[in-house]
Amino acid sequence: MEPLSTGSDDLRQRSALEKAPPVESSSSESTMCSITDEKLEGEETSIEQKHLLELQQLEEHHKTKHAANLLAMKRSEVLNRTTVQMSILFYVSIYILANYVNPEFKKFYTLSYKYEGTHVYDIGLDDIYFFVFWIINLMFCRSFLIIYVFKPCAKMLHIRSFKGIQRFIEQSWSIFYYSLSWGFGFYLYYKSDYFFNCYNIYANWPHDKLSAEFKFYYLVQTANWFQQFIVIFLEAKRKDHIQMVSHHIITIMLCTGSYACYLTRIGHIILLLMDIVDVFLSTAKILKYCKFQTVCDVMFIMFMFVWIVLRHGVYNYVLYFSWTKAREIMDMDCSKFAPGEYVKLCYTDLQIDILLILLAFLQVIMCIWMYMILRVAIRVVTGGSADDVRSDSED
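The shown structure was predicted, so the numbers you read here are calculated from the model rather than taken from an experiment. Within each chain, residues carry numbers counting from 1 in the order of the written sequence. The predicted nature of this model means local features are confined to residues of pLDDT at least 70 and side-chain atom pairs, given and counted, to a pLDDT of 80 or more, with totals for whole chains, interfaces and linings taken over all residues. For the side-chain quantities, the full set of heavy atoms in the structure was used; hydrogens and water were omitted.

1. Looking at the nonpolar core
What counts, and what does not: Buried residues of nine kinds, namely Ala, Val, Leu, Ile, Met, Phe, Trp, Tyr and Cys, make up a nonpolar core once their side-chain atoms join them within 4.5 Å. Type-normalised accessible area, obtained with a 1.4 Å probe on protein chains alone, sets the label of each residue: buried when under 20%, exposed when over 50%, and partly exposed for intermediate values. Where helices and strands are cited, they refer to DSSP runs of H or I of at least four residues and of E of at least two residues respectively, numbered from the N terminus.
Counting 90 residues, the largest nonpolar core has Y202, F300, W307, Y315, M330 and L359 as its most contacted members. No other element matches the 15 residues that helix α10 (residues 349-381) contributes to this core.

This is the structure we're talking about:
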């Protein structure tokens, strides 16, 4: 039998155990620290790899964007050069056909329906030839100026980005065209008998005797809006793309409808109200692209004043006058004439209503743009710059 252990022996054993070094505990703590260090190192490596991946993706994005811009620039250059070449080919073909094949082809570059023994013109379907000719002319002029004038000027002004160059080109063309169209249009308006006289806009309707200058002006203006409608799908889309397309469609309908119905005088007034405002707007944008921010802000204020006065003040007065007085002054309602009675042209209430509704829709679109303009104005007043809210986000 083993002897029973005494109480003193138990105390000695317990004391010895308490004094013994905690070998296993120290080993466990060392292992935990090692695992924590490895985990931190792994997390740091993961973060570095993530940052490296983001940098690589950003670099690839910039490369892709740069390549896309180069491709778009090349495509734009090819398109403009092709337009110039095809237009020249068209001119040569028309000249040969008109002089050696059939004189009827002269309708492309001469006005039709001249009253015999006079210097005034009527209108008719053959005007389509001249109209098409001027769509091609405007495409040619625009592309030619882009290649040989506007793009070199953009580079001289140190505009380097593709979108910056494209915007500069678009606004340069707008200044060039609308300055000429408004100047010539105002000259015709000053010479007219409805200069600051709304009554004569509709008096003695139908206005079927047009001077050569006025007929030329109206057909070229109509051709310009068709040309603009084509170009809008070739340019980078803006934030107001839908409004722009709607505006162009309504303007084309108003130009062609007013021409066909001998309502060219009201069309003339509306075109004058539109063109001069675009000159101020395009000038402000050009100044912005050239980094003349202070002058740009001043020009923008001038543009906003002209816009409000002409496109909302005068425009709405002309619209109101037309809505309330046009029928009374024209006094050629078709219902007044007996069946079979000859009249060159009469109107129905529906025709006048369509004209006025289109003018009202145009005002609605301009109100939407006015809201955008006011946003810019608030930004300028609060110390910001007159950035174009209608441009795309990368402009």
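On we go.
2. Some thoughts on the packing of aromatic side chains
For clarity, the cut-off: Think of it this way: a Phe, Tyr or Trp ring, Trp meaning its six-membered ring, pairs with another when their centres are within 6.5 Å, and the plane angle makes it stacked under 30 degrees, edge-to-face over 60, tilted otherwise. In our convention, an over-ring charge means Lys NZ or Arg CZ found within 6 Å of a ring centre and within 35 degrees of that ring's normal.
Summed over all chains, the structure comprises 36 aromatic pairs. When the ring of F90 is compared with that of F133, the centres are 6.2 Å apart and the planes differ by 40 degrees; the resulting orientation is tilted. In this pair, F90 sits in helix α2 (residues 23-100) while F133 sits in helix α3 (residues 127-156), placing the two residues 43 residues apart along the sequence. Here W173 and F176 contribute two aromatic rings whose centre-to-centre distance is 5.7 Å and whose plane-to-plane angle is 35 degrees, an arrangement assigned as tilted. With a gap of three residues between them, W173 and F176 both fall in helix α4 (residues 162-191), about one helical turn apart. Assessed through its relative accessible area of 4%, W173 is described here as buried. Of the aromatic side chains, those joined through ring pairs into one cluster are F90, Y91, F105, F108, Y109, Y129, F133, F140, F144 and Y148. Stacked on the ring of Y115, the Lys or Arg K209 has its end atom at 5.3 Å from the ring centre.

3. Regarding a nonpolar patch on the surface
Where we set the bar: Patch building starts from residues that exceed 30% relative accessible area and form no salt bridge, then joins like charges within 9 Å and nonpolar side chains (Val, Leu, Ile, Met, Phe, Trp, Tyr) within 5 Å. Per-residue accessibility takes into account occlusion by the displayed protein chains alone, with areas from the Shrake-Rupley method and a 1.4 Å probe. By salt bridge we mean one thing: a side-chain nitrogen of Lys or Arg within 4 Å of a carboxyl oxygen of Asp or Glu.
A contiguous nonpolar patch, built from I88, V92, Y95, I96, Y100 and V101 and spanning about 640 Å² of accessible area, is present on the exposed surface. Along the chain, Y100 falls in helix α2.

4. Some words on the state of the cysteines
Short version of the rule: By definition, disulfides here are pairs of cysteine sulfur atoms that lie within 2.5 Å.
Across all of its chains, the model carries one disulfide by this definition. Disulfide pairing places C334 opposite C346 at an S-S distance of 2.0 Å. Residues C334 and C346 are joined by a disulfide whose S-S torsion is about 100 degrees; by sign, that bridge is right-handed. On the criterion of sequence distance, the pair formed by C334 in the loop between α9 (293-330) and α10 and C346 in the loop between α9 and α10 is long-range, its members being 12 residues apart.

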